[in-house]
Structure formats: C-alpha cells, structure tokens
Amino acid sequence: MYLRDVTKRLREPDLVPVAAARRLLLAGCVLNRAPARATKTRVIALVRRLGFVQVDSINSVERAHHLILHARLDGYEPAHLAHHTEESRTLFEHWTHDASVIRSDWLPWWTHRFERSRARLRQNAWMRERLGRNWRTTLAEVRSALEERGPLATRDFPRPAEARRGAGWWDWSPQKAALEFLWRTGEVAIHARRGFEKVYDLTERVHGPMPEQPTREELIAWACRSALERLGAATTREIAHFAWAITPAEAGAWCAAAARRGEIAEVALERLGRATRPGFARLGWRQAAARVCIDDTPRALAPFDPLIRERGRLAELFGFDYRFEAFVPAAKRVHGYYTMPVLAGERLVARLDLACDRHVGLLRVDRVWTENGIALRTARMAARKSAARLAGQLGQRLDFPAR
C-alpha cells in the first residue's frame, strides 16, 4: 500500500499555483516591466515578443492595436507601427483569433491558414453571395486590376449602381468581397492603411515570393512552443487558441508527446473558483516565475489586450469578470460601451468607462468601477493615474470624476 501511494504521488503532475501562473502570463504579455520610451526598434521588439497585436476598428478611445502598445511604451505614436507594416515590412496583417498585426517571420506558418481559407470561402454561401454569380470572373478582374494599377482600396473600384448607400458595414460590393477573399487566401496583402481603410496589393509585391509551406507537424510544434513561451503554463485549449493555427486536439497530442520527451512539463493548473485544470508548462517554470519582477505602473488595458482577450483565463487567474459591451444594447450595459480594465502590479483593480472627445482634446472618464477586495482609495488612485497616463499618451486633457 505504501509503495503504491508513493508511486502515485511520484506520477502526479506538479501544481502551478495561481500566483505563479499570473506572473508568467504578465511577463509573457510584457506587462511586468516599467514602460520604456518608444522607438521604432522597441516597437518591433515588443510586437515580436508578443507575437502579434489585435487590430480593431472601434475608435472610441483609440484603435486597439495602438492602445496595446500605449500600455507598454511611453511616447508611442501610431507612426512607429506604420513604419513596420508599411516600410520595413517586418510586420504583416492577417488573422489570428481576429484581425491582427503579426511578426513577418511568422508568415510561413500562415500558408496553412491561406490554404484552409481558400477551401472554406469557396463553399461559404455568404461570401459567394457577395462575390456574385460570376465570382471566378470577379476574382480574376480584381486581381488583374491590382497587377495593372498597383495598390488599390475598395473605393478605387466603381460601386455598382444598384448598391444601397449606407446599408451597413457588411454590405460588401463584389469588388470588396473579392479583395477580402484574395487577402484571406494569401494572394494579396495589406500594402498600407488610409486612415483605417485597407489598401491591397499583390503579396509578392508586399512581402516577396510566398514562402514554402511547412508540414502540418512542424506547424503544430511551432504553435505549441510559441504559445507556451508566452503563456508560461496553460491548458491545451489556451495553447491552441493563442494563434488559432491548430486545434485543441492537435495541441493536446503534441504537448503529451513533448512532455514524455522531457521538452515541456505536464502540470496541474490551480485556478480561482474551480478545481485544478490539467495543462502543460515550459521547463523551469518555477524559477521563471520567481524571477519575474512586477512593475506597479497603473495601466489602462484595451478590451483586446493579450492579457484580457481570453475571458475565462482572466477570471480564473485574476478573479476579474469582464465583458466587452460595445455591442450590448445601452440599456443592458453594466459598465459601459468601451470599458478598460486597470492593471496595477499583479492585480486588476478597477475599470474605466471612458471615451475621447477629440473636438475639445479631452479624455472623458464617465465612471470608475473599483473591484471587490481592493481598498477604494487604492483602486481610485490607480484608476486616476492610469487615465492620466493614457490621456498624456493620446495628447488629451483628462476629465476624471470626483467620485
């Protein structure tokens, strides 16, 4: 009996405490360091460390990709990022879990996504409807226009006379649908942005010849290693959903085999409010967590920040229940249209309901919500400092509620 108990204990995976998992994730999200002064070199180094930053169209405060960089760098300007997407081409735009700016040395891995998108979109009824009955002809004509005329945006194509004006974001013309089809399948790339409008060009003119496609096995190994490098310790679902390049089943099979080879560690993940979860961690995770130094600069985080975007993980590691409410009817919102969590040290201490009034150069904070278990004075002070820092980054004055 004693031998059986000892053997069982020896086989039980190590427990990764919540505190250690939190610190590993903060370091992987580059939120543990004091913000450095932004330069082009530091911007590309930061995005490479993160892997990618999500792009979002909502401009209530600032575009999400800029807010993500504002949180980590002082004096960041959108032109820093544009240099790398439009001049040096060290970053490219495509899809992860959503539209993102991605490090360009990862482009070979996206060839699998291009192939998958091509098969899926050809069968997609919504896309086929917008491309029109002669969809193959439409695709060929749009591609020929790019070849002959160079970089083009949707507005550079004539709008069909029967198209409804102001019919909505998703009322795509056949040419817009064709450009998106060709972009998602890798035939064209984002050459630049006019404001937030995409300007497309042939991929070979933006990034050079398409790289050779790695094998599926190589893709799976890369996806798992890249995720664990940034997450530290995670479930197989979280690993797969880091870049959305592989399935959770593929992540689980690779991680189990890698753990048997001694390349990563099989662990149990302590999570708040629930039983432990099975997962995997990078080797030396204890030492890595112990080495993480946490900066206490209060920062307002975008709803699509790498720390925030996995809502379940956020609740289980930080005890922070977050919902993005921009698409929730106003009467049903709890916290506000564009609410930004406030990080101070290792804790999410408050959330801000805020928006920029650009006509008068003002960042308005309509309401501050402080989190349970955090001293009210501490939370409000962190919230004010984070809002003041963001206002300064955006070149705005701050309007912060007295209570």
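Along every chain, residues carry numbers that run from 1 in the direction the sequence is written. The predicted origin of the model limits local features to residues at a pLDDT of at least 70 and limits the giving and counting of side-chain atom pairs to 80 or more, whereas totals for whole chains, interfaces and linings rest on all residues. Side-chain numbers here rest on the full set of heavy atoms in the structure, without hydrogens or water.

Chemist: How do you make sense of the overall build of the protein when you look at a structure like this?
Modeler: Each helix and strand counted, the protein has 16 helices and 16 strands in total. A globule of 403 residues ought to have a C-alpha radius of gyration of about 22 Å, and the protein, at 23 Å, matches this closely. Across its three principal axes, the protein shows a C-alpha extent of roughly 75 × 60 × 40 Å. Of note, the protein has its 68 positive side-chain charges centred 4 Å away from the centre of its 47 negative side-chain charges. Put simply, DSSP marks the helices as runs of H or I at least four residues long and the strands as runs of E at least two long, and each gets a number from the N terminus on. To get the radius of gyration, use the C-alpha atoms; to get the globule rule, take the number of residues to the power 0.38 and multiply by 2.2 Å. Working convention for charge: Lys and Arg count positive, Asp and Glu count negative, and His plus the chain ends are omitted. Think of each charge as sitting on NZ of Lys, CZ of Arg, CG of Asp or CD of Glu.

Chemist: Explanation requested: helix H3 (residues 40-50) in the structure shown.
Modeler: Three- or four-residue spacings in an α-helix give side chains the same orientation, since the helix completes a turn every 3.6 residues. Along H3, the residues classified as buried are Val43, Ile44, Leu46, Val47 and Leu50. The buried residues of H3 occupy an angular sector of 160 degrees when the element is viewed end-on, so they sit on one face. Following H3 by one or two positions, Gly51 has its phi on the positive side, about 100 degrees. Burial classes: relative accessible area under 20% of the type maximum marks a residue as buried, over 50% as exposed, and values in between as partly exposed (1.4 Å probe, protein chains only). The arc under discussion is defined with respect to the helix axis, by the directions toward the C-beta atoms.

Chemist: Teacher, can you tell me more about the environment of Leu363 here?
Modeler: Along the polypeptide, Leu363 turns up in strand S15 (residues 362-370). Each C-alpha atom of the pair Leu363 and Arg194 lies 24 Å from the other, and the pair is 169 residues apart in sequence.

Chemist: Where do I start with the sheet that holds S15 in this structure?
Modeler: Think of a sheet as strands paired side by side through backbone hydrogen bonds, with each pair either parallel or antiparallel. Strands pair, by our definition, only if DSSP identifies at least two bridges between them. Strand order in the open sheet made by the 5 strands is S12-S13-S14-S15-S16, with mixed pairing throughout. Looking at strand neighbours, the two that pair on one side only are strand S12 (299-300) and strand S16 (397-399), the edges of this open sheet.

Chemist: When you look at the environment of Glu187 in this model, what are you seeing that I'm missing?
Modeler: Position of Glu187 relative to the elements: it lies in the loop between helix H9 (174-184) and strand S7 (188-194). As a C-alpha pair, Glu187 and His80 span 107 residues in sequence and 27 Å in three-dimensional space. Among all residues touching Glu187, those that are not within four sequence positions of it are Arg118, Arg143, Leu182, Leu202, Thr203 and Glu204. Residue contacts are defined here by distance: any two heavy atoms, one from each residue, within 4.5 Å place the two residues in contact.

Chemist: Mind showing me how you'd approach the confidence of the model for the protein here?
Modeler: In low-pLDDT segments, the atomic positions of the prediction should not be examined closely. What pLDDT conveys is the predictor's confidence in a given residue, as a value from 0 to 100. Here the protein averages 93 in pLDDT, and 94% of its residues register 70 or above. Note that pLDDT drops below 50 for residues 5-9; the model gives that stretch 0 contacts with residues more than four away or on any other chain. Under a pLDDT of 50 for its full length, residues 164-169 has, in the predicted model, 3 contacts with residues more than four places off or in other chains.

Chemist: Explanation requested: the nonpolar core in the structure shown.
Modeler: In this structure, Val61 and Leu352 are the most contacted members of the largest nonpolar core, which totals 104 residues. The biggest single contributor to this core is helix H11 (residues 216-231), with 9 residues. Formed by 21 residues, the second largest nonpolar core is a distinct cluster that contains Leu121, Ala178, Phe181 and Ile190. We call a set of buried Ala, Val, Leu, Ile, Met, Phe, Trp, Tyr and Cys residues a nonpolar core when their side-chain atoms join them within 4.5 Å.

Chemist: Mind showing me how you'd approach the pattern of salt bridges here?
Modeler: The salt bridge criterion pairs a side-chain nitrogen of Lys or Arg with a carboxyl oxygen of Asp or Glu, the two atoms within 4 Å. All told, the structure shown has 30 salt bridges when counted by the stated rule. For Glu229, the salt bridge is made with Arg49, and the minimal N-O distance between the two is 3.6 Å. Linking Glu229 in helix H11 with Arg49 in helix H3, this pair joins segments that are 180 residues apart in sequence. Since its relative accessible area comes to 42%, Glu229 is described here as partly exposed. With a shortest N-O distance of 3.6 Å, Arg230 and Glu229 are connected by a salt bridge. According to the relative accessible area criterion, Arg230 is buried, its value standing at 5%. Shared partners join several salt bridges into a network, and the residues in it are Glu238, Arg271, Arg274, Arg277 and Glu316.

Chemist: What is the right way to look at the side chain of Glu197 in this model?
Modeler: Mapped onto the fold, Glu197 is located in strand S8 (residues 197-202). A polar side-chain atom of Glu197 sits 2.8 Å from a polar atom in the side chain of Arg155. Setting aside residues no more than four positions away along its own chain, Glu197 makes contact with Ala153, Thr154, Arg155 and Ala192. Here a polar contact is recorded for every N or O atom pair within 3.5 Å, except that within protein the pair must consist of a potential hydrogen donor and a potential acceptor, and residues adjacent in sequence are included only if both atoms are side-chain atoms.

Chemist: Where do I start with the pairing of S15 in this structure?
Modeler: A regular strand places its side chains so that they alternate between the two faces of the sheet. Pairing of strand S14 (residues 347-357) with S15, which is carried by 8 bridges, proceeds in the antiparallel orientation. Residue pairing across strands places Ala355 opposite Arg364, the latter belonging to S15. Hairpin connection of S14 to S15: 4 residues between the antiparallel strands, including Gly361 at a positive phi of 65 degrees. Relative to S16, S15 is paired through 3 bridges, and the arrangement is parallel. In the sheet register, Leu363 faces S16, and the bridge partner there is Leu398. Call a crossover right-handed when, viewed with both strands pointing away from you, the route from the first strand across the helix to the second goes clockwise. Remark: the S15/helix H16 (residues 376-394)/S16 crossover connection has right-handed handedness.

Chemist: What is the right way to read helix H2 (residues 18-28) from this model?
Modeler: Judged by how many residues are buried, H2 sits mostly within the fold: 10 of 11 residues are covered. Listed in full, the buried residues belonging to H2 are Val18, Ala20, Ala21, Arg22, Arg23, Leu24, Leu25, Leu26, Ala27 and Gly28. Looking one or two places after H2, you find Val30, whose phi comes out positive at around 55 degrees.

Chemist: So what exactly am I meant to see when it comes to the packing of helix H8 (residues 135-149) against H9 here?
Modeler: Helix-helix packing: each pair is described by the crossing angle between the helix axes and the interaxial distance. Structural elements are reduced to axes, namely lines fitted to C-alpha atoms, with helices fitted over the stretch in contact, and the angle between N-to-C directions of any two is expressed from 0 to 180 degrees. At their nearest, the axes of H8 and H9 sit 9 Å apart, and the two run at 75 degrees to each other. The angle between the axes of H8 and H9 places the two elements in the roughly perpendicular class. Between H8 and H9, the residues in contact are Thr138, Leu139, Val142, Arg143 and Leu146 and Pro174, Gln175, Ala178, Leu179, Phe181 and Leu182, respectively. Residues are grouped as follows: nonpolar covers Ala, Val, Leu, Ile, Met, Phe, Trp, Tyr, Cys and Pro; charged covers Asp, Glu, Lys and Arg; every other residue, Gly included, is treated as polar. Here the residues of the contact of H8 with H9 sort into 8 nonpolar, 2 polar and 1 charged. Oblique is the label for every angle not falling under 35 degrees (roughly parallel), over 145 degrees (roughly antiparallel), or within 65 to 115 degrees (roughly perpendicular).

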